Structure formats: structure tokens, C-alpha cells
Protein chains: 2
Amino acid sequence: MALIGRHVTTRDPRVRLGPGDDLAVLDASGGLLAGVDQVIDGVHVLADRVSWDRIGRKAVSRSLSDIAAMGGRPLATLAAVVLPAGAREGDVERLCRGLQEAAERWGAPLVGGDVAFQRSGDAPLTISVTVLGLSDEPVRRSGGRPGDDLYVTGVLGGAVLPDGGGHHLDFSPRLPEAAALTATIGRDLHAMIDISDGLCRDAGRLAEASGCRAVLRSADIPVRVGVPREAAFADGEDYELLFAVAGGVVVPDQIGPAACAVTRIGTLGSEAEPRVAIMHPDGTCEDGSDLGWMHGS
Amino acid sequence: MALIGRHVTTRDPRVRLGPGDDLAVLDASGGLLAGVDQVIDGVHVLADRVSWDRIGRKAVSRSLSDIAAMGGRPLATLAAVVLPAGAREGDVERLCRGLQEAAERWGAPLVGGDVAFQRSGDAPLTISVTVLGLSDEPVRRSGGRPGDDLYVTGVLGGAVLPDGGGHHLDFSPRLPEAAALTATIGRDLHAMIDISDGLCRDAGRLAEASGCRAVLRSADIPVRVGVPREAAFADGEDYELLFAVAGGVVVPDQIGPAACAVTRIGTLGSEAEPRVAIMHPDGTCEDGSDLGWMHGS
């Protein structure tokens, strides 16, 4: 913790006691959200090709994306880091700065951490980030019903480019958008998930948890400029929101302070195989259940 | 999470939603404690020499020791695991079982996790465990005052034996003892820390946070049978509690349901160099400030 503590300060009043003791102490009441996610060199990033502050920001943003997916308010983050043998001090400082910048920006101050130094061997840079959030009525994956409309925020596909740069490093977790959605749609927002492993895979997870089938209209998927349409189905690391809304409810085309696009891309139907069906403009139906992203492949 | 979720169930009523969604949802109110710690093959354990269920238990117990050190009640744990290339399925199952066993035993159900597979290279087994706990009045390191008596639970030294077995794998976090201490001593329990990096190093941390000097009486240190006295000052991984109590307050010799020994080992004095002074029976004073444990050295 000392190493992270040296680079970390927060004025968030919910942090009663920050880094430096055995544990941090936070004010919390009601439903507490908690989850952990990892960023590993060679799997989620290429640490010799990007500045480590971006890696730090990605690690925090990736975990915060799950807070957005539950419609929660960020509370705090904790980071555990394994530094490879030979990590340079400047890189380590950049990493800590990136972790803190993202944590502060999104209102989830870094309140705990552990940094371990690998003295030899090939151990890759490894960062695990735990996020805590609050929500009295979290939006689960399992609340979808047949007849719901499916929507996504933003555009999909091509987040991981060959040079290791791009969206997957610099995305913003959809926290303001999620807050706007819960405020606007209320209880008609039945289910939500963030798209980290590809649209089809995560649509399959939402559909399965809800006991439904996801039917996606190929022509309606918002695809990132310059990316082939198929990529939007299977690529990972979009960190957009996929959500199910009661059929017929009006959802705005843009949402949140940054006017993020919201697009209707399909519906939930009664449970059937395949779990994810892609409807093409020519009337054919493709099985999308096995399309998805394997990190590091 | 899927891999951990498959091995994890809990009936703890504070867990509103367990593994399987984007995040877990917990009931929490008041002061929330949060911290993270890591166990890394080659640094904290030797994964080719011990059964992986012990590694899992150690990883959870090590983090829970910090909850004890704050006088808190465990709430939940989250684990992030990096598996080395070639990890065997049986070992992975044992690891998950060990994580869950320790988490359930101590009332801190495993509610979140992430498992990453290393496909190549020398990446060591790495486990980071985040613990959450509750306490309205956490016992900090910084509350010690000159004139306080210093106590430890249990015996010290020799926790890490050459064959990789022993106390550091199978210790119990001092949670019931900490609960008994806070109940018995109340506000006269001024400061507390768990001894993970050696008595002298952690006494120095408590003393520094409290703006005091720690004076330890060599002859009074409770030493593990078969271990040289010096080892009790510098060895790490004891996971006993070191605490400061207002001078003159009566502290029981044994505490908690397992009648754990409690020993007075010194006092806090006004701030002075060296930060940690060891008083020997022959009247000499040794500087203990630099004695301590470096994991993996």
C-alpha cells in the first residue's frame, strides 16, 4: 500500500480513513455493489507499447464499467499490482497516476492497494481492481422478459486494434449514461450488462440469465467507422451498455451529458435455441451463440 | 467469475446477490472496511510444494487478518486469480475450495472473483483477495499514546519454515480474539496492527502512526518453541495482533473462545530515536528499527 498511498490522496467525504492503516474505512449504507476484474500484460494490454498511465486508467475503467452495468453509483476502488522484474520507476509512477486519475474522475477514490515486486522470471504486469458502489435497486442481468426491446449505447467493434492502442485503453465507463437511463426509464429498465466480451456473448449472458432468447437485427447494430459489421458482433472490449426495456417504452436516441447515442438493436423472445439469433436483411437467421471474444487470443 | 462462481455458494443473508451478475450486492451500513492483499508463488508460497487448498486458505486468511487488526466484523471477500500456464484442473479446484472454505469459516463469503489463464511464459500463480468488513469504531494504528502498554497475541517467530509448510499457511486470522479485545477493553484499546512483516517492523509502524516510540522488553517476547529469540523480532507472517492499551488497564492473560495467550511485551514512550528500542535483560538497548521481514528474500 505504501507505494500506492504515496501517490494517492482524496478529498471524498465518504472516505473516513484512506490508505495507510490496515484497511480503509468508508461510509456506506444500503445495497453495496462489489466486484473485481484484472488487466494482465499480454492478455488485455501490451505493456511495452503503451504508456502505463493508460494501463492504469483502463484497469480502473474496466472495473467501473460493471458499476455502470448495475446502474450503481461508484463508491471506491482498491488495486493490487504485480510489477514485473525490471519495471522502471517512471512507469510505476505513471501506472499509479493513471489508476488514481480514473478513480477520482469517476468518483471512486482509490482507498487501498498492494504492490508486489517480482524479482526474477517472466511475470507479466498484473493489475486487479476491486470496485465498490452503491445502489438500492441494482439493475440485474436477469430481469429481461420476452417482448422487451434491446438497446446499446455508443458504437461497437474494433476496440482492440493491432498496435495495442485505441478504444479499449481510453474508453469512458458508461456511468453517467447508466445514471441517466435509470432516471429516465425507471422500472421499465428490466436488465443491463456491459459488453466486454463481444455483443453476442454478452447478449447471450443477459438472455440466459433472463430465461429468454436474444434476437438481434444485423442492420441495426451501430458499427464503429472503418470496422466491418461482423466485428461488431464478436469483438470484445467495447464497454458499452446492452439493456432490455419493456416493449413499447420510449427510449431517447441520445442520453447523458455527452449525448451518447442509444440504438435499438433487437428484442428478447421466449427461450429458444439458438440463444442468440442474428436476423440479416435478406431474411436469413444466423446462430450468434458462439460468437465472442477470448481475451488474448 | 464463472470459474469461481461454480465452486462458490453462500447462505449468508447479507449477500443479496452473489456471484453471477456484473457485481455482487451486499447489505452494508455504517463504517465499511476495505483492503486488498496478494499471495504470489515464489514470494509468499511455493506452489509446487503445498496443496493449493492451503494456498487458497492462506490468501483469504491473510486479508482477513487486517479486519482483525481494525477490530472489525468480516462482511465479504473477492478474489482475483492468475493461473500459470499448465495449471492442473485439480489444483485449480482445490484453490477455489480453499478460498471458499476460509471465506465461509470466517463469515466473509466469497462474492466476486476473476480467474485469468496464462497461456504461456513463466507467470506465477497470483491471488489478490479484497476483504470487506464493518466497524463503527475501527481500531486504528494511530491511536497509541505515551504510557500505553504493548501486548501481543500468541507466539512469534519461525512462521515460514524452509520446506514451505507451517504456520504461515495454516494460521487463523485473530478475528475472535480481536472481537473479544474490543468487547473487553473498549475505548482503552488505543491502537492495533497485525504482525505480517515482523514484530519490530510492525511495532515501528504502529509507533510512527501514533507519534510514539515502541520499547520492547526482549525477555518478555513470547517465542515459538524451537525458534531462536531473535527470530521473533524479525520474522514475518506471524499474523498475530500487536496492540496498545492505556497504561494500568488490566488485560486478561488469555482471550477468545480458543483461550489465545496475550502477553505484555513493552510500552509506548514519547517520540524518540530509535523508533523501536529492544531492552535486553543485561540492560543494553538495541535499535530494532531496521529489523523486519522482506517477503521472498
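Residues numbered from 1 in each chain as written. Chains lettered and ligands numbered in written order. Predicted model: local features only at pLDDT ≥ 70, side-chain atom pairs only at ≥ 80, totals over all residues. Heavy atoms only, no water.

Remarks on the packing of helix H2 (residues 52-69) of chain A against helix H3 (residues 89-105) of chain A
Each pair of packed helices can be summarised by the angle the axes make with each other and by the distance between the axes. Residues and elements named next belong to chain A. The interhelical angle for the contact between H2 and H3, taken along N-to-C directions, is 35 degrees, at an axis separation of 6 Å. Crossing angle aside, the handedness with which H2 passes H3 is right-handed. On H3, the residues that touch Trp52, Asp53, Ile55, Gly56, Arg57, Ala59, Val60, Ser61 and Leu64 of H2 are Asp91, Val92, Arg94, Leu95, Gly98, Leu99, Glu101, Ala102 and Ala103. For the contact of H2 with H3, the residue count by class is ten nonpolar, three polar and five charged. (Axes fitted to C-alpha atoms, helices over the stretch in contact; angles between N-to-C directions. Helix = DSSP H or I, 4+ residues; strand = E, 2+ residues; numbered from the N terminus. Left-handed = near helix turned anticlockwise from the far one by under 90°. Contact = heavy atoms within 4.5 Å. Nonpolar A, V, L, I, M, F, W, Y, C, P; charged D, E, K, R; others polar.)

Digging into the side chain of serine 61 of chain A
Residues and elements named next belong to chain A. Position of serine 61 among the secondary structure elements: in helix H2. On the accessibility criterion, serine 61 (4% relative accessible area) is buried. Contacts of serine 61, omitting those with residues within four sequence positions, involve Ala102, Trp106, Phe171 and Pro173. (Buried < 20%, exposed > 50% of the residue type's maximum accessible area, 1.4 Å probe, protein only.)

Focus on the domain arrangement of chain A
Residue and element names in this part refer to chain A. For chain A, the assigned domains are domain 1 (2-134) and domain 2 (141-287). Measuring from the centre of the C-alpha atoms in domain 1 to the corresponding centre in domain 2 gives 27 Å. Each partner contributes to the interface: domain 1 provides 20 residues, whereas domain 2 provides 22 residues. In this assembly, domain 1 packs against domain 2 so that about 1700 Å² is buried in total across both faces, 59% of it on carbon and sulfur atoms. The largest share of the area that domain 1 buries against domain 2 comes from Arg54, Lys58 and Trp106, three residues that together contribute 30% of it. Across the domain 1-domain 2 interface, the total number found is two salt bridges. Across the pair glutamate 237 and lysine 58 runs a salt bridge, and its minimum N-O distance is 2.5 Å. Inspection of the region where domain 1 meets domain 2 yields five residue pairs in polar contact (both at pLDDT 80 or more). Looking at which element gives the most residues to the side of domain 1 that touches domain 2, the answer is H2, with eleven residues. Within the side of domain 1 that touches domain 2, the residues separate by chemical class into eight nonpolar, five polar and seven charged. (Domains from an automatic or database assignment. Buried area = accessible area lost by both parts, 1.4 Å probe. Salt bridge = Lys/Arg side-chain N within 4 Å of Asp/Glu carboxyl O. Polar contact = N/O pair within 3.5 Å; in protein donor to acceptor, adjacent residues only side chain to side chain.)

Things to note about the environment of histidine 168 of chain B
Residues and elements named next belong to chain B. Summarising the element assignment, histidine 168 is placed in helix H4 (residues 167-170). Judged by its relative accessible area of 3%, histidine 168 falls in the buried class. The residues touching histidine 168, leaving out its near neighbours within four places in the chain, are His44, Lys58, Ala159, Val160 and Glu237. Looking at histidine 168, its side chain comes within polar contact range of the side chain of lysine 58, at 2.7 Å.

Description of helix H2 (residues 52-69) of chain B
All names here are of chain B. When the terminal C-alpha atoms of H2 are compared, their 26 Å separation across 18 residues agrees well with the 26 Å that a helix rising 1.5 Å per residue should span. Counting buried residues along H2, 16 of its 18 residues qualify, which places the element largely inside the surrounding structure. Once H2 ends, the next one or two residues include glycine 71, with phi positive near 70 degrees. (Expected span 1.5 Å × (residues − 1).)

Considerations on the relation of the copies chain B and chain A
Take chain B, turn it by 180 degrees, move it 0.0 Å along the axis, and it overlays chain A with an RMSD of 0.0 Å. Accordingly, the operation relating the two chain copies is best matched by a two-fold axis. Mapped onto chain A, 100% of the interface residues of chain B again fall at the interface, so both copies present the same surface. (Least-squares fit on C-alpha atoms with pLDDT ≥ 70 in both.)

A closer look at the state of the cysteines
What the rule picks out here adds up to zero disulfides over all chains. As a non-bridged cysteine, cysteine 260 of chain B has cysteine 200 of chain B as the owner of its nearest cysteine sulfur, 20 Å distant. (Disulfide = S-S within 2.5 Å.)

With respect to the pairing of strand S3 (residues 73-83) of chain A
Residue and element names in this part refer to chain A. Of all eleven residues in S3, ten are buried; the element is thus mostly enclosed. Two strands pair when backbone bridges link them, and S3 and strand S5 (residues 126-134) are joined in this way by nine bridges, in the antiparallel orientation. Within S5, the position partnered with threonine 77 by the bridge is valine 131. Chirality of the crossover, the property in question, places the unit of S3, H3 and strand S4 (residues 110-117) among those that are right-handed. (Pairing = 2+ DSSP bridges. Right-handed = clockwise from strand over helix to strand, strands pointing away.)

A closer look at the pattern of salt bridges
Per the stated rule, a full pass over the model turns up 38 salt bridges over all chains. Among the ionic pairs, aspartate 12 of chain A bridges to arginine 14 of chain A, the shortest N-O distance being 2.7 Å. When its relative accessible area of 17% is taken as the criterion, aspartate 12 of chain A is described as buried. Note that arginine 174 of chain B and glutamate 240 of chain B form a salt bridge whose closest N and O atoms lie 2.8 Å from each other. Taken together, the positions of arginine 174 of chain B in the loop between H4 and helix H5 (175-185) and glutamate 240 of chain B in strand S9 (residues 240-245) put the pair 66 residues apart, joining distant regions of the chain. For arginine 174 of chain B, a relative accessible area of 16% translates into the label buried. Accessibility expressed as a relative area gives 2% for glutamate 240 of chain B, which makes it buried. Connected through salt bridges with shared partners, the residues Asp21 and Asp22 of chain A together with Arg141 of chain B form a single ionic network.

Here's the deal with the interface of chain B and chain A
Taken together, the contact between chain B and chain A spans 59 residues of the former and 59 residues of the latter. In this assembly, chain B packs against chain A so that about 4300 Å² is buried in total across both faces, 56% of it on carbon and sulfur atoms. Considering only the surface of chain B that becomes buried against chain A, Asp22, Leu23 and Leu32 of chain B emerge as the three largest contributors, covering 16% of it. Counting every contact that joins chain B to chain A gives four salt bridges. With a closest N to O distance of 3.7 Å, aspartate 21 of chain B and arginine 141 of chain A form a salt bridge. When residues of the side of chain B that touches chain A are assigned to their parent elements, the largest contribution, 16 residues, is made by strand S2 (residues 24-40) of chain B. The class makeup of the residues in the side of chain B that touches chain A is 30 nonpolar, 15 polar and 14 charged. As paired elements, strand S2 (residues 24-40) of chain A and S2 of chain B share eleven bridges and run antiparallel to each other. Within S2 of chain B, the position partnered with leucine 32 of chain A by the bridge is leucine 26 of chain B.

Regarding the packing of aromatic side chains
Residues and elements named next belong to chain A. Under the definition given, this model contains four aromatic pairs over all chains. Measuring from centroid to centroid gives 5.5 Å for tyrosine 151 and phenylalanine 243, while their planes differ by 10 degrees, and the two rings are stacked. You can see tyrosine 151 sitting in strand S6 (residues 149-153) and its partner phenylalanine 243 sitting in strand S9 (residues 240-245), a full 92 residues away along the chain. Residues tyrosine 151 and phenylalanine 243 agree in their burial class; the two are buried. (Phe/Tyr/Trp six-rings, centres within 6.5 Å; stacked < 30°, edge-to-face > 60°.)

Quick look at the pairing of strand S12 (residues 276-279) of chain A
Residue and element names in this part refer to chain A. Bridge count for strand S8 (residues 212-217) against S12 is four bridges, and the pairing is parallel. Bridging across to S12, valine 215 finds its partner in alanine 277. From the end of S12 to the start of strand S13 (residues 285-287), which pair antiparallel, there are five residues, and glycine 283 there has a positive phi angle of about 95 degrees.

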